[in-house]
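# Commentary on secondary and tertiary structure
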Amino acid sequence: MLPQPISINRPVKERIAWAESCFQGSGNLFLKDEKIAGLLAEFKSAVKASRQEMNKTGVVTLCRECDQEEGGSCCGRGLENKYDAWLLLINRLLGVELPGERRQADGCFFLGEKGCVLMARHVICINYMCKKITKNIQPSALNALREMEGAEINCLFMLNEQVKRVFRKWMS
Ligand code: SF4
Ligand code: SF4
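Before going into details, it helps to say that this report is about the structure given with it. (Residues numbered from 1 in each chain as written. Chains lettered and ligands numbered in written order. Predicted model: local features only at pLDDT ≥ 70, side-chain atom pairs only at ≥ 80, totals over all residues. Heavy atoms only, no water.)

## Brief notes about the environment of Lys35
Cut-off, in case you're wondering: In this text, helices come from DSSP runs of H or I with a minimum length of four residues, and strands from runs of E with a minimum of two, each type numbered from the N-terminal end. The contact definition used throughout considers only heavy atoms, calling two residues in contact when any of these lie within 4.5 Å.
Positionally, Lys35 belongs in helix H3 (residues 34–57). Spatially, the C-alpha atoms of Lys35 and Val117 are 25 Å apart, while their sequence positions differ by 82 residues. Apart from residues no more than four positions distant in its own chain, Lys35 is found in contact with Gln162 and Arg165.

## Let's talk about the site of ligand 2
Under the convention used in this document: Summary of the distance rule: residues count as near a molecule or strand when at least one heavy atom falls within 4 Å of that molecule or strand. Asp, Glu, Lys and Arg are counted as charged, while Ala, Val, Leu, Ile, Met, Phe, Trp, Tyr, Cys and Pro are counted as nonpolar; the rest, among them Gly, fall into the polar class.
Surrounding ligand 2, one finds Cys75, Leu79, Tyr83, Cys108, Phe110, Leu111, Cys116, Leu118 and Cys125. Of the residues assigned to the shell around ligand 2, the class counts are nine nonpolar, no polar and no charged.

## Side note on the side chain of Glu53
As a reminder, the rule being used: We call a residue buried when its accessible area falls under 20% of the maximum for its residue type, exposed when it is over 50%, and partly exposed in between, using a 1.4 Å probe and counting protein chains only.
Considering the arrangement of structural elements, one finds Glu53 in helix H3. You can call Glu53 buried: its relative accessible area is 10%. Ignoring anything within four residues of it in the chain, the contact list for Glu53 reads Ala144, Leu145 and Met148.

## Observations regarding the pattern of salt bridges
Cut-off, in case you're wondering: By definition, a salt bridge exists where a carboxyl oxygen of Asp or Glu is found within 4 Å of a side-chain nitrogen of Lys or Arg.
Under the criterion given, the structure shown has eight salt bridges. Between Glu20 and Arg92 there is a salt bridge, with its nearest N and O atoms 3.1 Å apart. Here Glu20, found in helix H1 (residues 12–25), pairs with Arg92, found in helix H5 (residues 85–93); they are 72 residues apart in sequence, far enough to count as distant. Relative accessible area serves as the criterion here: at 23%, Glu20 is assigned to the partly exposed category. Note on Arg92: relative accessible area 6%, which makes it buried. Salt-bridge contacts for Arg121 lead to Glu152; the nearest nitrogen and oxygen are separated by 4.0 Å. Of this pair, Arg121 sits in the loop between strand S2 (115–116) and helix H6 (123–127) while Glu152 sits in helix H8 (residues 139–171), and the two are 31 residues apart along the sequence.

## Overview of H3
What counts is decided by this rule: One less than the number of residues in a helix, times 1.5 Å, gives the span that helix is expected to have. Polar contact is defined as a pair of N or O atoms within 3.5 Å, subject to the rule that within protein one atom must be able to donate a hydrogen and the other to accept it, and that residues adjacent in sequence are counted only when both atoms are side-chain atoms.
Between its first and last C-alpha, H3 extends 35 Å over 24 residues, near the 34 Å set by a 1.5 Å rise per residue. What H3 keeps buried is the set Ile36, Leu39, Leu40, Phe43, Ala46, Val47, Ser50, Glu53, Met54 and Thr57. Buried-residue contacts for H3 involve helix H2 (29–32), helix H4 (59–68), H5 and H8. Of the residues flanking the start of H3, the one acting as N-cap is Asp33, its side-chain oxygen 3.2 Å from the backbone nitrogen of Lys35. Downstream of H3 by a residue or two, Gly58 has a phi angle that is positive, lying close to 100°.

Listed below in structure tokens is the structure:
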């Protein structure tokens with residue numbers, strides 16, 4: 001049976017189950033689409049570049065210290081509700097295994113042992129920089145990072161549109 005689209009207002013476990021059933025039930029339909037395959041490759045490169053830049057600027061170190069030594073993190077419970085089922089499906093297409101349970105009672109559902117388990121993240125998660133970051137890192141370095149994140153966001157937008165197009169074709 002074809003999976004019907006699911007609202008972002010449904011519980012996160014239902015959205016994950018929907019993404020899983022689309023991924024499993026589509027018989028590689030999405031991955032066989034040339035446009036999607038190209039965009040997935042482009043997206044992976046964009047993510048790699050912006051993660052390298054995060055390392056270079058020192059954001060990764062600051063966040064690690066914050067998480068492991070200061071008991072702080074910006075990945076709070078409820079942020080998983082920003083993720084619609086399309087974005088979760090894109091993560092599956094990128095090879096991400098979606099979690100079955102929440103690890104930390106007060107943490108986001110997608111917060112794993114070593115940080116976020118997702119590769120395709122919501123704009124809110126990509127763009128967020130707390131005061132600790134903006135105070136400790138040069139604005140020029142943050143601007144360079146922003147530019148790379150912009151490429152990641154643009155690619156994700158196109159991916160989202162194409163995945164919906166292929167899904168609609170599958171439904172028709
Ligand atoms: S962005 Fe700020 S609050 Fe979030 S983990 Fe990094 S340092 Fe901590
Ligand atoms: S970065 Fe990942 S773990 Fe953190 S709030 Fe966003 S989705 Fe959740």
